[in-house]
Amino acid sequence: MDLLADVSNQQNSEPGSQISHLALDIGGSLIKLVYFSRNNVSRRDDDEQKSRKESLGVLQSDTSQPVLEGRLHFAKFETSKINDCLDFIHSKKLRLGGFRDHAAASSDKIFIKATGGGAYKFADLFKEKLEISLDKEDEMNCLVTGANFLLKAVHQEAFTYLDGQKEFVQIDHNDLYPYLLVNIGSGVSMIKVDGDGKFERVSGTNLGGGTFWGLGRLLTKCKNFDELLELSHQGNNRVIDMLVGDIYGGTDYAKVGLSATTIASSFGKAISDNKELEEYKPEDISRSLLRMISNNIGQISYLNALRFGLKRIFFAGFFIRGHAYTMDTISVAVHFWSKGEAKAMFLRHEGFLGALGAFMSYEKQSLDGLMVHKIMQRFPISVSSAGDKIYCSLNSDWNLNDDSIQCSVYGT
Ligand SMILES: Nc1ncnc2c1ncn2[C@@H]1O[C@H](COP(=O)(O)OP(=O)(O)OP(=O)(O)O)[C@@H](O)[C@H]1O
Ligand SMILES: CC(C)(CO)[C@@H](O)C(=O)NCCC(=O)O
């Protein structure tokens, strides 16, 4: 099996770099891409590498030399604009990140790892437009692989968010499992994770990110997702939501633990307001909608955690978008229903779990003659069983936008 980048000297759009290992996650709303572009390492760069290695905290006794350096890139496209994605792959020559399977009947075929429903739906399109065959990886398996990798390999990956306070969670590798992974994409999957490759999709809900964006677009005329999310900042959900206090004449229903400000019925005020849609502010609609979806997901997640006795729930998926109000609502729902027993946690690289999982599935294939068994940030990882390591240093905020991280590969 050859990685195309190993056998080709073709240029790509970044001078001095070569693409290897492109992986795709083609979902109902978004296509996510992860790819590695490497720079050739020359002797001249030795000093720079040494200082980088030191800054990454590689042990002084580790005398290994960097074998290659490069960047791990992340990009996303709306699935409805798949042609933009195909153009991107073409223009950046990302197809070089595929591989040829010599064991297969026609060894001239180029394969790219792909997951998500679109790996099936758009397989013919990729063949027709880019002459690429998609090597399909199971979506849930990729999500779990991506989540386990991030939780184990990336420092300050998981955090809690409550009352506007973000707090990073120290992950104990020996005490990570079991946990509930809630991936909020177009729809929502809830997966009980018991170990590496050990998981079960225990539940899901069709009220997910697609519902928020779809209903929000119809009700507010917003043109893009971020605009809708932005609107929710300025909105007041109490204008449309019917609160316990609205029903109980301003008082709590204390006997069953419901405060006057608890939402009794999302959008319930619209029943009796006698107002037309145009009379509601789009920002109030957006806020109510965001609260409704987030609350519901938080509640179902908690119920599933309860069902299996899980204390930790990790939320991921591009719906979250690192958005304060979304995370706060989910956290409050989990806290409220579990009476503080269960903990909602979020992942900095929320949207790329599936794509990273597909990317990791290349790991048994050669990269520059090496076997790459782990991609890891310096922190706080043990030596990989195969010996070869990639250290990644993260730049500060790449979870929110398309970005890349610096990686160095050190053979041992
Ligand atoms: N720029 C954007 N355009 C569209 N949706 C966005 C955008 N940014 C965030 N979202 C939200 O993220 C959701 C998609 O998340 P994600 O990419 O994790 O799922 P998906 O893989 O497309 O869906 P599924 O796994 O259900 O097939 C959208 O439904 C929307 O709520
Ligand atoms: C169908 C998938 C798995 C596609 O990613 C996702 O959109 C989802 O989990 N939807 C929810 C389906 C349900 O369990 O009701």
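The protein chain goes by pantothenate kinase in an unreviewed UniProt entry, where it is assigned to Herrania umbratica. You can read under Pathway (unreviewed entry) in the UniProt record for the protein chain the words "Cofactor biosynthesis; coenzyme A biosynthesis; CoA from (R)-pantothenate: step 1/5."

A.B. asks: Help me understand the site of ligand 1 in this model?
C.D. replies: In the vicinity of ligand 1 lie 19 residues, with G28, S29, K32, S186 and G209 positioned nearest. The backbone of F319 places a nitrogen or oxygen atom 3.3 Å from an oxygen atom of ligand 1. One of the side-chain N or O atoms of R321 is found 3.3 Å from a nitrogen atom in ligand 1. Broken down by element, the shell around ligand 1 gets its largest block of residues, three residues, from helix 7 (residues 209-220). In terms of residue class, the shell around ligand 1 is built from six nonpolar, nine polar and four charged.

A.B. asks: Teacher, can you tell me more about the confidence of the model for the protein chain here?
C.D. replies: As a general rule, the predicted coordinates of low-pLDDT regions are not to be interpreted in detail. On average, residues of the protein chain score 82 in pLDDT, and 75% of them reach the 70 mark or higher. Below a pLDDT of 50 lies the segment residues 1-13, which in the model reaches 44 contacts outside its immediate sequence neighbourhood of four places, other chains included. Across residues 366-402, confidence stays below pLDDT 50; counting only partners more than four residues off in sequence or on other chains, it has 109 contacts. Under the prediction, the complex receives an ipTM of 0.99, its pTM being 0.86.

A.B. asks: Mind showing me how you'd approach the packing of aromatic side chains here?
C.D. replies: Think of a pair of aromatic rings as described by two things: how far the centres are apart, and how the planes are tilted against each other in angle. The full count for this structure, using the stated rule, is 14 aromatic pairs. Seen from their ring centres, F336 and W337 are 5.2 Å apart, and the 90° between their planes marks the pair as edge-to-face. Ring-pair connections join several aromatic residues into one group, and the members of that group are F159, F168, F315 and F346. Here the guanidinium or amino end of K136 rests over the ring plane of Y120, the centre of that ring lying 5.6 Å away. Above the face of the Y325 ring, R287 is positioned so that its terminal group lies 3.5 Å from the ring centre.

A.B. asks: What exactly am I supposed to notice about the site of ligand 2 here?
C.D. replies: In the region of ligand 2, the neighbouring residues are E139, M140, G187, V188, S189, R201, G204, T205 and N206. Between ligand 2 and the protein, one listed contact pairs an oxygen atom with a backbone N or O atom of V188 at 3.3 Å. Taking 390 Å² as the accessible area of ligand 2 by itself, protein coverage stands at 56%. One can see that ligand 2 is located within the largest pocket. Those elements giving two or more residues to the shell around ligand 2 turn out to be helix 6 (139-153), strand 11 (188-195) and strand 12 (198-205). Examining the composition of the shell around ligand 2, we find that three residues originate from one element, strand 12, more than from any other. Classifying every residue of the shell around ligand 2 gives two nonpolar, five polar and two charged.

A.B. asks: Could you clarify how one ought to interpret the pattern of salt bridges in this entry?
C.D. replies: Between side chains of opposite charge, a pair can form when the charged atoms approach closely. Applying the stated criterion across every chain, the model contains eight salt bridges. In this structure, the salt-bridge partner of E78 is K81, at a minimum N-O distance of 3.7 Å. Owing to a relative accessible area of 35%, E78 belongs among the partly exposed residues under this scheme. Across the salt bridge formed by D226 and R321, the nearest N and O atoms sit 3.1 Å from each other. On the criterion of sequence distance, the pair formed by D226 in helix 8 (residues 225-234) and R321 in the loop between strand 15 (312-316) and helix 11 (324-338) is long-range, its members being 95 residues apart.

A.B. asks: What is the right way to read unusual backbone geometry from this model?
C.D. replies: If a residue is not glycine, its phi is most likely negative; likewise, a peptide bond is most likely trans. The residue after Y177, namely P178, is reached through a cis peptide bond having omega -5°. Backbone geometry places R321, a non-glycine residue, at a positive phi of 55°. The backbone phi angle of K339 is positive, close to 55°, even though this residue is not glycine. Within the element layout of this structure, K339 appears in the loop between helix 11 and strand 16 (343-347).

A.B. asks: Looking at this structure, how should I read helix 5 (residues 123-130)?
C.D. replies: Of all the positions in helix 5, only A123, F126 and L130 are classed as buried. Projection of helix 5 onto a plane perpendicular to its axis shows the buried side chains occupying an angular sector of 75°, all on one side. Exposed and facing more than 90 degrees away from the buried side of helix 5 are D124 and E128. Looking one or two places after helix 5, you find E131, whose phi comes out positive at around 55°.

A.B. asks: In this structure, what is going on with the packing of helix 7 against helix 8? I would like to understand it.
C.D. replies: Each pair of packed helices can be described by the angle between their axes along with the distance between the axes. Interaxial distance between helix 7 and helix 8 falls to 10 Å at its minimum, and their mutual angle equals 75°. Comparing the axis directions of helix 7 and helix 8 gives the class roughly perpendicular. Only F225, L228 and L229 of helix 8 make contact with helix 7, whose side of the interface consists of F212, W213, G216 and T220. In terms of residue class, the contact of helix 7 with helix 8 is built from five nonpolar, two polar and no charged.

A.B. asks: When you look at the layout of surface pockets in this model, what are you seeing that I'm missing?
C.D. replies: Space left empty within the atom packing is revealed by a probe, the size of a water molecule, rolled over the atoms. Quantified by volume, the largest pocket comes out at close to 840 Å³. Looking at the largest pocket, it is lined by 40 residues, and the ones nearest its centre are S29, L30, K32, S186 and F318. The element best represented in the lining of the largest pocket is helix 7, accounting for five residues. Considering only residue class, the lining of the largest pocket consists of 12 nonpolar, 18 polar and 10 charged. Three or more residues apiece are contributed to the lining of the largest pocket by two domains, here domain 1 (2-138 + 352-410) and domain 2 (158-240 + 280-347). When its volume is computed, the second largest pocket comes out at roughly 550 Å³. Together, 23 residues line the second largest pocket, and T262, I263, R291, N295 and V332 are the ones closest to its centre. Residue assignment for the lining of the second largest pocket shows that the elements contributing at least two residues are strand 14 (263-265), helix 10 (282-308) and helix 11. With seven residues, helix 11 is the single largest residue contributor to the lining of the second largest pocket.

Analysis parameters
Residues numbered from 1 in each chain as written. Chains lettered and ligands numbered in written order. Predicted model: local features only at pLDDT ≥ 70, side-chain atom pairs only at ≥ 80, totals over all residues. Heavy atoms only, no water. UniProt positions renumbered as here; feature names shortened; annotations may be inferred. Near = heavy atom within 4 Å. Polar contact = N/O pair within 3.5 Å; in protein donor to acceptor, adjacent residues only side chain to side chain. Helix = DSSP H or I, 4+ residues; strand = E, 2+ residues; numbered from the N terminus. Nonpolar A, V, L, I, M, F, W, Y, C, P; charged D, E, K, R; others polar. pLDDT = per-residue confidence, 0-100. Contact = heavy atoms within 4.5 Å. Phe/Tyr/Trp six-rings, centres within 6.5 Å; stacked < 30°, edge-to-face > 60°. Lys NZ or Arg CZ within 6 Å of the ring centre and 35° of its normal. Areas by Shrake-Rupley, 256 points an atom, 1.4 Å probe, with all protein chains shown as cover. 1 Å grid on protein atoms, 1.4 Å probe; cavity = no way out; pocket = protein on both sides within 12 Å on 5 of 7 lines; lining within 4 Å. Sits in = over half its atoms within 2 Å of the grid points. Salt bridge = Lys/Arg side-chain N within 4 Å of Asp/Glu carboxyl O. Buried < 20%, exposed > 50% of the residue type's maximum accessible area, 1.4 Å probe, protein only. Arc of directions from axis to C-beta. Axes fitted to C-alpha atoms, helices over the stretch in contact; angles between N-to-C directions. Parallel < 35°, antiparallel > 145°, perpendicular 65-115°, else oblique. Points joined across faces, edges and corners; volume = space filled by probe spheres on them. Domains from an automatic or database assignment.

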